[in-house]
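Given next are the chains, with one letter for each unit.
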Amino acid sequence: MDARPLNSPRAHFVDIREVLPEEEAEQATTTTATNGDNRPDGNKRANRAAKLRDSRRQQRPFSRQISLETGFSVLNREKNNSCNNGSCSGERKALSRSGVSFGGFDSAMKGAGGSMEGTMRKADFSLFRTKSTLSKQNSLMKSRKERETVASALHEHTQRDEGCAGNREDESVNRSVPAGRYFAALRGPELDEVKDFEDILLPKDQTWPFLLRFPIGCFGICLGLSSQAVLWRSLATSPATQFLHISPFINISLWLLALAVLFSVTITYLLKFIFYFEAVRREYFHPIRINFFFAPWVVCMFLAIGAPPSLFPKPLHPAIWCTFMAPYFFLELKIYGQWLSGGKRRLCKVANPSSHLSVVGNFVGAILAAKVGWNEAAKFFWAVGFAHYLVLFVTLYQRLPTSEALPKELHPVYSMFIAAPSAASIAWNAIYGEFDGLSRTCYFIALFLYASLVVRINFFTGFRFSLAWWSYTFPMTTVSVATIKYAENVPCTISKVLALTLSFMSSTMVALLFVSTLLHAFVWHTLFPNDLAIAITKKRHGGNVKEKKPVKRAYDIRRWAKPSSLPFVTSIRKQSSGGKDENEVE
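Because the structure is a prediction, the values reported are computed rather than measured.

*Asks:* How should the overall build of the protein chain be read in this particular structure?
*Replies:* From N to C terminus, the protein chain includes 21 helices and 4 strands. A buried classification covers 43% of the 586 residues belonging to the protein chain. Summarising the internal contacts of the protein chain: among those between residues at least 6 apart in sequence, 79% fall at separations of at least 24. Total accessible area on the protein chain stands at roughly 33,400 Å², and carbon and sulfur atoms take up 60% of it.

*Asks:* Can you help me understand unusual backbone geometry in this one?
*Replies:* When glycine is set aside, most residues are seen to have a negative phi, and most peptide bonds are trans. One non-glycine residue, H245, adopts positive backbone phi at about 50 degrees. Summarising the element assignment, H245 is placed in the loop between α9 (219–237) and α10 (249–275). The phi dihedral of H525 is positive, around 55 degrees, even though this residue is not glycine. With respect to the helices and strands, the residue H525 is situated in the loop between α20 (493–523) and α21 (567–585).

*Asks:* I tried to follow the packing of helix α17 (residues 419–432) against helix α18 (residues 437–454) on my own but got confused; where do I start?
*Replies:* How two helices sit against one another is set out by the angle between their axes and by the gap between those axes. For the pair α17 and α18, interaxial distance at closest approach is 7 Å and the crossing angle is 160 degrees. Classified by the interaxial angle, the pair formed by α17 and α18 is roughly antiparallel. Considering how the two elements wind past one another, α17 and α18 form a crossing that is left-handed. Within the contact between the two elements, α17 uses P421, S422, A424, S425, W428 and N429 and α18 uses L438, S439, C442, Y443, I445 and A446. Looking at the contact of α17 with α18, its residues break down into 8 nonpolar, 4 polar and no charged.

*Asks:* Quick question: what am I supposed to make of the side chain of S503 here?
*Replies:* With respect to the helices, strands and loops of the structure, S503 is situated in helix α20. Judged by relative accessible area, S503 falls into the buried class, the value being 5%. Not counting the four nearest positions on each side in its chain, S503 is found in contact with L231, L235, S480 and I484.

*Asks:* So what exactly am I meant to see when it comes to the environment of T501 here?
*Replies:* Along the polypeptide, T501 turns up in helix α20. The class of T501 is partly exposed, set by a relative accessible area of 37%. The sequence separation of T501 and S480 amounts to 21 residues, and the corresponding C-alpha distance is 8.5 Å. A distance of 2.7 Å separates a polar atom in the side chain of T501 from the backbone oxygen of V497.

*Asks:* Would you take a moment to explain the pattern of salt bridges for this structure?
*Replies:* Once the charged atoms of two side chains with opposite charge are near each other, the side chains can pair. A full pass over the atoms with the stated rule returns 6 salt bridges. Note that K379 is salt-bridged to E376, the shortest N-O span being 3.6 Å. Taken as a pair, K379 and E376 lie in helix α16 (residues 375–398) at a separation of 3 residues, close to a single helical turn. Residue classification places E376 among the exposed residues on the basis of a relative accessible area of 59%. Via salt bridges that share partners, K272, E283, R289 and D531 belong to a single interconnected network.

The rules behind these values
Residues numbered from 1 in each chain as written. Predicted model: local features only at pLDDT ≥ 70, side-chain atom pairs only at ≥ 80, totals over all residues. Heavy atoms only, no water. Helix = DSSP H or I, 4+ residues; strand = E, 2+ residues; numbered from the N terminus. Buried < 20%, exposed > 50% of the residue type's maximum accessible area, 1.4 Å probe, protein only. Contact = heavy atoms within 4.5 Å. Areas by Shrake-Rupley, 256 points an atom, 1.4 Å probe, with all protein chains shown as cover. Axes fitted to C-alpha atoms, helices over the stretch in contact; angles between N-to-C directions. Parallel < 35°, antiparallel > 145°, perpendicular 65-115°, else oblique. Left-handed = near helix turned anticlockwise from the far one by under 90°. Nonpolar A, V, L, I, M, F, W, Y, C, P; charged D, E, K, R; others polar. Polar contact = N/O pair within 3.5 Å; in protein donor to acceptor, adjacent residues only side chain to side chain. Salt bridge = Lys/Arg side-chain N within 4 Å of Asp/Glu carboxyl O.

Below you can see the structure in the form of structure tokens.
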């Protein structure tokens, strides 16, 4: 008997060589023969064993392999399919080992855990496919049945070790990721880059399918182009800019271009919704990208407002407003309810400049409602939008102590601050037909915020191009349209020059971004990198978790007391603090 200590790794391993039927029968014969010497019916049992041995030799060879490496047994009939000319080779198949050992579990997983994890997650893009949950369960059904025999023995190990990538990926994909997890694991423009110490469900060194790399933020391009159609319609029809004699052909061209881009982006994202629903669902739970789900309906309302008069000479039907505003209304009921309920997605947790997209649509919808003749509906949505804008503005402006500063790459979305007040001033003018005091108040707020961002030009430079840059265009265009409305009611040289200057800056920015987008998309092929934001895990795996620093209590008067220079006061303070520490230890 090999005496090994029980705590050694080899103590958990046994001999797993095959036991042939002939040897098993001979052992049974020897055992019965030995017992037969002491029992009267020993000869009869020996004869029965001999007959049983002869019958087994006539049947097909049958072997049983047992491996404690995988925790289950496999019955393998030895029949070689590669028999040539009636002669079969005597090779036997051996069980493959998974590397997850019952004995020495911790050491095996530490040595091979990284390679196993990489193998399990290698190019497994089916995780985000539609109905991937059902197909994954069917593929894992067989292995689950086999593991039932050792589930109790491996339960503690699987709870402690989270390297079983299959179970972890399934859990991370099928359950919603908390909002705070996105802020903790991501950085960069629109929180689309994974931090260095984080792990993801998909490989970083491989190019993902195009639909997985196509984000919801592409609707920002449509926002910029459709708002430009509204701007050039105002420039062509406004009395304040009649001296420019702007051709309506520019409005028609921009409107058709925006419609074509909206159609392309919508079709592409619908394909992503059909084939990769899990990825779309993760974008919906993203604290920044969820706001871009409002963008398609805002774009449609912009196109309705900026429709060329030559193509649509008759007034718009109210059904158009209902079609575009109804989805927006139901979606904002969901989002505003989360802000109000105080759950994990309350406003102080998820507030960011992109949240203005969930507010500005109320003002755009009010403009369209006034255009179709529904003034009461316009007043309703203007009130809803203004109330939530005030709450959002205060939350973002004071930057709560629990909120971290936005990264440099996210600075372009700060221009969203000027979108809501400028749209509110335009909507008030459309509802009541005059640019009165309240409308001017909202406009002046937007103008001041615009100036505060312009003077910080370095605030928006020094980082690479991304789709977040299109966040510049929509607010700049909105404040330009508001300035044109202001110039109509206050006709003077300053107001007209200001309107032309802001309109020129807005159109120039859109032109530059449009050319840059085309170059990155079709020439350099860098517009759609791997969308790492949708592949983060629900919980942090790997890496050492940083210890939380002790929080200083606000009511601790020692934080505010000035150290005394007197020696006896210092000694008294040390004695009191030492006594307090001893009491805490006790």
